[in-house]
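This is what each chain is made of:
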Amino acid sequence: MSYTHVIVEADGGSRGNPGPAAYGALVRDPATGEVIAQDGKTLGVATNNVAEYSGLIAGLELAREYAPDASIEVRMDSKLVIEQMAGRWKIKHPDMKPLAIKAQGLAPFGTEWTWVPRAQNSAADALANNALDGVPIPLKPEPAAAKPVVVKEPSDQAKAMRGWGAEVEPPTQLIFLRHGETPHTAEKRFSGLGGDNPSLSETGRAQAAAAAEFLARRGGIDAIVSSPMRRTQETAAVVGQKLGVEVVVDDSWVECSFGDWDGHTFAEVQEKWPDALGAWMESTTVAPPGGESFDTCARRARSARDGLLTRYPGKTVLVVTHVTPIKLMVRSVLQAPMASIFRMEMRPATLTEIHWYADGLASLKSYNVVP
């Protein structure tokens, strides 16, 4: 069977730290909950961290063997491993570096790194403990063990009403600011990663200043994160100087790559690449020639969002980014089809605010607000 997307669940542990250690890993089909393949082995004497990284490597190797063409989301309850693999934490311990390098070589581009509570990683944990206890681990579990745990989800109405009542915990507030206008923006040219990387125009600089004034009046910004592209860093710098907040650059918030289309208008792309453009508009899994699909960009943006929610719980973060990541965030909150991003328009230097709650639900507070 061919899979387009799989989940890798991995864990590891040491009875003594260091002590007798083992790992557990599995690959799951998110559509059915079926475990495609699993593994669990002892490691001799090792630390918890070595065991966790070993579980990650085993899970990625299973995914490469049984779902070689699939994109991957990794779920682990080790915040250390997830944050290091996502590039948000530095790897300082010498024992971890070769393991992390091996895992990075196995993880395909766009792999999503998700931390989960220990209770949600029980299957991988059980595999690790079974290995330590000498329990044989089949490559595939019995059918009954493959059934996913059914968790009752809030109704659509409950999700829509989230935030109307009293809040038990303050939400993490992400305010997305699209960069100011550039010459490409005014001419409606594709302008993604790998293109000309233009600076703000005079109009764009004025828009950035207006956004800075608006946000200064609002107040309460705890952190500013920016895409690495020139136009976003220039926009963020204007706002950061006004608010007195240092700007942190995060590569994950970069614009989608449009490959050969970067620098061209829609009409030019339609004339030169009609078939490729048609396929791209039919499915968000299709990438422009030499570029990145919207599905891949969405996974990257979700991982970046999860990193912010982990680092700034209950805080307000300004994210200076691009039209595609912002539309993808809005789509995910509204639970709209991926194709809905083709029906959203967003002006330069506008603000979109989304609140994420501790239970994982979210609420769209505003969209495309002109300062």
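Presented here is an overview of the structure given in this document. (Residues numbered from 1 in each chain as written. Predicted model: local features only at pLDDT ≥ 70, side-chain atom pairs only at ≥ 80, totals over all residues. Heavy atoms only, no water.)

## Quick word on the overall build of the chain
From N to C terminus, the chain includes twelve helices and eleven strands. Taking 21 Å as the expected radius of gyration for a compact globule of 371 residues, we find that the chain reaches 22 Å, a close match to that expectation. Here the C-alpha coordinates of the chain stretch approximately 70 × 50 × 45 Å along the principal axes. Looking at the chain residue by residue over its 371 residues, the buried ones come to 49%. (Helix = DSSP H or I, 4+ residues; strand = E, 2+ residues; numbered from the N terminus. Rg over C-alpha atoms; globule rule 2.2 N^0.38 Å. Buried < 20%, exposed > 50% of the residue type's maximum accessible area, 1.4 Å probe, protein only.)

## Some thoughts on the side chain of Arg 331
Tracing the chain through its elements places Arg 331 in helix 12 (residues 323-334). Here Arg 331 is buried and forms no salt bridge, its nearest opposite-charge partner Asp 295 lying at an N-O distance of 7.5 Å. A distance of 2.5 Å separates a polar side-chain atom of Arg 331 from the backbone oxygen of Ala 336. Ignoring anything within four residues of it in the chain, the contact list for Arg 331 reads Ala 336, Pro 337, Met 338, Ser 340, Ile 341 and Met 344. (Lys, Arg positive; Asp, Glu negative; His and termini not counted. Salt bridge = Lys/Arg side-chain N within 4 Å of Asp/Glu carboxyl O. Polar contact = N/O pair within 3.5 Å; in protein donor to acceptor, adjacent residues only side chain to side chain. Contact = heavy atoms within 4.5 Å.)

## Here's the deal with the packing of helix 11 (residues 294-311) against helix 12
For the pair helix 11 and helix 12, interaxial distance at closest approach is 9 Å and the crossing angle is 80°. The angle between helix 11 and helix 12 falls in the class roughly perpendicular. Along its contact with helix 11, which presents Phe 294, Cys 297, Ala 298, Ala 301, Arg 302 and Arg 305, the element helix 12 presents Thr 324, Leu 328, Met 329 and Ser 332. Here the residues of the contact of helix 11 with helix 12 are counted per class, giving six nonpolar, two polar and two charged. (Axes fitted to C-alpha atoms, helices over the stretch in contact; angles between N-to-C directions. Parallel < 35°, antiparallel > 145°, perpendicular 65-115°, else oblique. Nonpolar A, V, L, I, M, F, W, Y, C, P; charged D, E, K, R; others polar.)

## Focus on unusual backbone geometry
Note that the residue after Asn 17, namely Pro 18, is joined by a cis bond; omega there is 0°. Here Pro 18 is to be found in the loop between strand 1 (5-14) and strand 2 (19-28). A positive phi angle, close to 60°, is found at Ala 349, a residue other than glycine. Assignment of secondary structure puts Ala 349 in the loop between helix 12 and strand 10 (351-356).

## Quick notes on the layout of surface pockets
In this structure, the second largest pocket occupies an estimated 970 Å³ of space. Lining the second largest pocket are 25 residues; nearest its centre among them are Arg 178, Lys 188, Phe 190, Val 323 and Lys 327. With three residues, the single largest contributor to the lining of the second largest pocket is helix 12. Across the lining of the second largest pocket, the residue classes break down as twelve nonpolar, six polar and seven charged. (1 Å grid on protein atoms, 1.4 Å probe; cavity = no way out; pocket = protein on both sides within 12 Å on 5 of 7 lines; lining within 4 Å. Points joined across faces, edges and corners; volume = space filled by probe spheres on them.)

## Focus on empty space enclosed by the protein
To locate leftover empty space, one rolls a probe as large as a water molecule over the atoms. Under the definition given, this model contains one cavity of 30 Å³ or more. As a volume, the largest cavity reaches approximately 30 Å³. Every residue along the wall of the largest cavity is listed here: Ala 298, Arg 302, Leu 328, Met 329, Arg 331 and Ser 332. Elements supplying a minimum of two residues to the lining of the largest cavity: helix 11 and helix 12. When residues of the lining of the largest cavity are assigned to their parent elements, the largest contribution, four residues, is made by helix 12. When its residues are assigned to classes, the lining of the largest cavity shows three nonpolar, one polar and two charged.

## Digging into the pairing of strand 4 (residues 71-76)
Of all six residues that make up strand 4, five are buried, and the element is covered over most of its length. Where strand 1 and strand 4 come together, five bridges link them in parallel fashion. Counterpart to Val 8 in the pairing with strand 4 is Val 74. Pairing geometry for strand 4 and strand 5 (residues 112-115), over four bridges, is parallel. Paired with Arg 75 across the bridge in strand 5 is Thr 114. (Pairing = 2+ DSSP bridges.)

## Some thoughts on the sheet that holds strand 1
Ordered in space as 3-2-1-4-5, the five strands form an open sheet in which the pairing is mixed. With one partner strand each, in any of the chains shown, strand 3 (35-46) and strand 5 form the two edges of the open sheet. Pairs of neighbouring strands in the sheet enclose a mean axial angle of 20°, with direction left out of account. Sheet topology places strand 1 next to strand 2; eight bridges connect them, and they run antiparallel. Residue Asp 11 lies in a different strand from strand 2, and its bridge partner there is Gly 24. Packing of helix 4 (residues 122-132) onto the sheet brings it into contact with strand 1, strand 2 and strand 3, and relative to strand 2 it is tilted by some 140°.

## Details of a nonpolar patch on the surface
On the surface, a cluster of nonpolar side chains totalling about 250 Å² of accessible area is made up of Phe 266, Met 281 and Phe 342. As for its position among the elements, Phe 342 is in the loop between helix 12 and strand 10. (Patch = residues over 30% accessible without salt bridge, like charges linked within 9 Å, V, L, I, M, F, W, Y side chains within 5 Å. Areas by Shrake-Rupley, 256 points an atom, 1.4 Å probe, with all protein chains shown as cover.)

## Points about the side chain of Asp 29
Summarising the element assignment, Asp 29 is placed in the loop between strand 2 and strand 3. Lacking a salt bridge, the buried Asp 29 has Arg 28 as its closest oppositely charged neighbour, with an N-O distance of 9.2 Å. Ignoring anything within four residues of it in the chain, the contact list for Asp 29 reads Met 1, Tyr 3, Glu 34 and Ile 36.

## Let's talk about the nonpolar core
Counting residues in each nonpolar core, the largest one holds 35 residues, and the members touching the most others are Val 6, Tyr 53, Leu 56, Leu 60, Val 74 and Met 85. Mapped onto this core, the elements with two or more residues apiece are strand 1, strand 2, strand 3, helix 1 (48-66), strand 4, helix 2 (79-85) and helix 3 (96-106). No other element matches the nine residues that helix 1 contributes to this core. Apart from the residues within four sequence positions on either side, Leu 56 is in contact with Ala 10, Val 74, Met 76, Val 81, Met 85, Ala 103 and Trp 113. Formed by 21 residues, the second largest nonpolar core is a distinct cluster that contains Ala 301, Leu 308, Tyr 312 and Val 319. (Core = buried A, V, L, I, M, F, W, Y, C linked by side-chain atoms within 4.5 Å.)

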